[in-house]
Amino acid sequence: MSEHDNPRTCAARVGQVKEVTSLSNPVIKDIRALAMKKHRDETGTFLAEGLKLVIDAIDLGWAIRTLIYAKNQRGKEQVEKIAALTVARGGLVLEVSEKVLTAITRRDNPQAVIAVFDQKLAPIGGISPSKDETWIALDRVRDPGNLGTIIRTADAAGASGVILIGETVDPFSMETVRATMGSVFAVPLVRATEAEFLSWSKKSSVLVVGSHLKGSVDYRTIGYKGNPVVLLMGNEQQGLPDTLAKACGKLARIPQTGRADSLNLAIATGVMLFEARRHLLSLEDPRA
């Protein structure tokens, strides 16, 4: 593949617009490979689908590496504006057939607009939570739908970000990005090993509240107000390991009366998050 055709290098060049109909095109092959984590890691990029999602990303300051849209979108005002902006910033714009879109997204009814973005993951050492900030820390989450839903919930509740501990599922997989409904662009993501998280939590003045089936504290009785808080949630099958549970200032539990012995991880995280931020939330829209 030449530098001219490679979407990894095109962002540094003068913007281009190309029409592509063949699945054998090297640019399309490279974009399709972003379905694999190895390729996402190598390129530091990922795919996002949908016109609204792409517009939201631009509004939040994300730059498009490569914009791909269906031929039938040509001439539509919003698509043309995004295409012009992408070209002006040195990105690549591809006008493609329905067959190509289907191959890239691996869906029978693909979105008409998709884009390639650079990944953004911050190191945990750069975080210094302040009063009334709430962070979510996730240990080895395996399900992309759970992770995406948690990121979306964090956005809705006004959390400051999500810390991914250990071998947590890739936040930039297509499944996860879809589940975030665009919140992947609004919520800061942090990657840390377990050792890095433990060291950081000891040095930081954060209240770490862990969710644990053996927790002795009702999650509703904890004094969240005025504290920088980290809600620490465990793996779907195993929960929190002892090493992380011992680092918690509070081990909390959500009371249950039904026959189910546990909650889905994303649901449990949402329940605890909205309680932790209840004193900061109102029906008045802060964006109004």
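The coordinates are above.
Residues numbered from 1 in each chain as written. Predicted model: local features only at pLDDT ≥ 70, side-chain atom pairs only at ≥ 80, totals over all residues. Heavy atoms only, no water.

Regarding the overall build of the chain
And step 1. Across its full length, the chain holds 11 helices and 13 strands.
And step 2. The C-alpha radius of gyration computed for the chain amounts to 21 Å, which stays within 12% of the reference 19 Å derived for 288 residues, consistent with globular compactness.
And step 3. Projected onto its principal axes, the C-alpha coordinates of the chain cover approximately 60 × 40 × 40 Å.
And step 4. The buried share among the 288 residues of the chain stands at 49%.
And step 5. Expressed as a percentage of contacts within the chain between residues at least 6 apart in sequence, the contacts between residues at least 24 apart total 79%. (Helix = DSSP H or I, 4+ residues; strand = E, 2+ residues; numbered from the N terminus. Rg over C-alpha atoms; globule rule 2.2 N^0.38 Å. Buried < 20%, exposed > 50% of the residue type's maximum accessible area, 1.4 Å probe, protein only. Contact = heavy atoms within 4.5 Å.)

Looking at the environment of R140
And step 1. Tracing the backbone shows R140 in the loop between β7 (134-139) and α7 (144-157).
And step 2. Along the sequence, R140 and R40 sit 100 residues apart, while their C-alpha atoms lie 19 Å from each other.
And step 3. Discounting chain neighbours no more than four positions away, the residues touching R140 are I165, E167, T168, N235, E236, Q238, G239 and P241.

Some remarks on unusual backbone geometry
And step 1. The phi torsion at D132 lies on the positive side, around 65°, for a residue other than glycine.
And step 2. Topologically, D132 is positioned in the loop between β6 (122-123) and β7.
And step 3. According to the relative accessible area criterion, D132 is buried, its value standing at 18%.
And step 4. Phi at M181 takes a positive value of approximately 55°, unusual for a residue other than glycine.
And step 5. Positionally, M181 belongs in the loop between α8 (174-180) and β9 (189-192).
And step 6. You can call M181 exposed: its relative accessible area is 56%.

Digging into empty space enclosed by the protein
Over the atoms a probe the size of a water molecule is rolled, and this reveals where empty space is left.
And step 1. Within this structure, the stated rule accounts for 2 cavities of 30 Å³ or more.
And step 2. As a volume, the second largest cavity reaches approximately 30 Å³.
And step 3. Considering the residues around the second largest cavity, the lining is formed by I58, A63, I64, L85, T86 and R89.
And step 4. A breakdown of the residues in the lining of the second largest cavity according to their chemical character gives 4 nonpolar, 1 polar and 1 charged. (1 Å grid on protein atoms, 1.4 Å probe; cavity = no way out; pocket = protein on both sides within 12 Å on 5 of 7 lines; lining within 4 Å. Points joined across faces, edges and corners; volume = space filled by probe spheres on them. Nonpolar A, V, L, I, M, F, W, Y, C, P; charged D, E, K, R; others polar.)

Some remarks on the layout of surface pockets
And step 1. Counted as a void, the largest pocket has a volume near 470 Å³.
And step 2. S211, L213, G239, S262 and L263 are, among the 20 residues lining the largest pocket, the residues nearest its centre.
And step 3. When grouped by side-chain class, the residues that make up the lining of the largest pocket number 7 nonpolar, 11 polar and 2 charged.
And step 4. By volume, the second largest pocket is sized at about 340 Å³.
And step 5. Considering the residues around the second largest pocket, the lining is formed by 20 residues, among which E49, L53, T180, M181 and G182 are closest to the centre.
And step 6. No other element matches α8, which puts 4 residues into the lining of the second largest pocket.
And step 7. Its residues assigned to classes, the lining of the second largest pocket comprises 8 nonpolar, 5 polar and 7 charged.

Some words on the sheet that holds strand β8 (residues 161-165)
And step 1. Strand order in the open sheet formed by 8 strands is β6-β9-β8-β7-β12-β10-β13-β11, with parallel pairing between adjacent strands. Each of the sheet's edge strands pairs with one partner strand only, and the pair in question is β6 and β11 (217-218).
And step 2. Bridge count between β8 and β9: 4 bridges; the pairing is parallel. Paired with L164 across the bridge in β9 is R191.
And step 3. Here α7 sits on the sheet and contacts β7, β8 and β9; the angle it forms with β7, its principal contact strand, is near 175°. (Pairing = 2+ DSSP bridges. Axes fitted to C-alpha atoms, helices over the stretch in contact; angles between N-to-C directions.)

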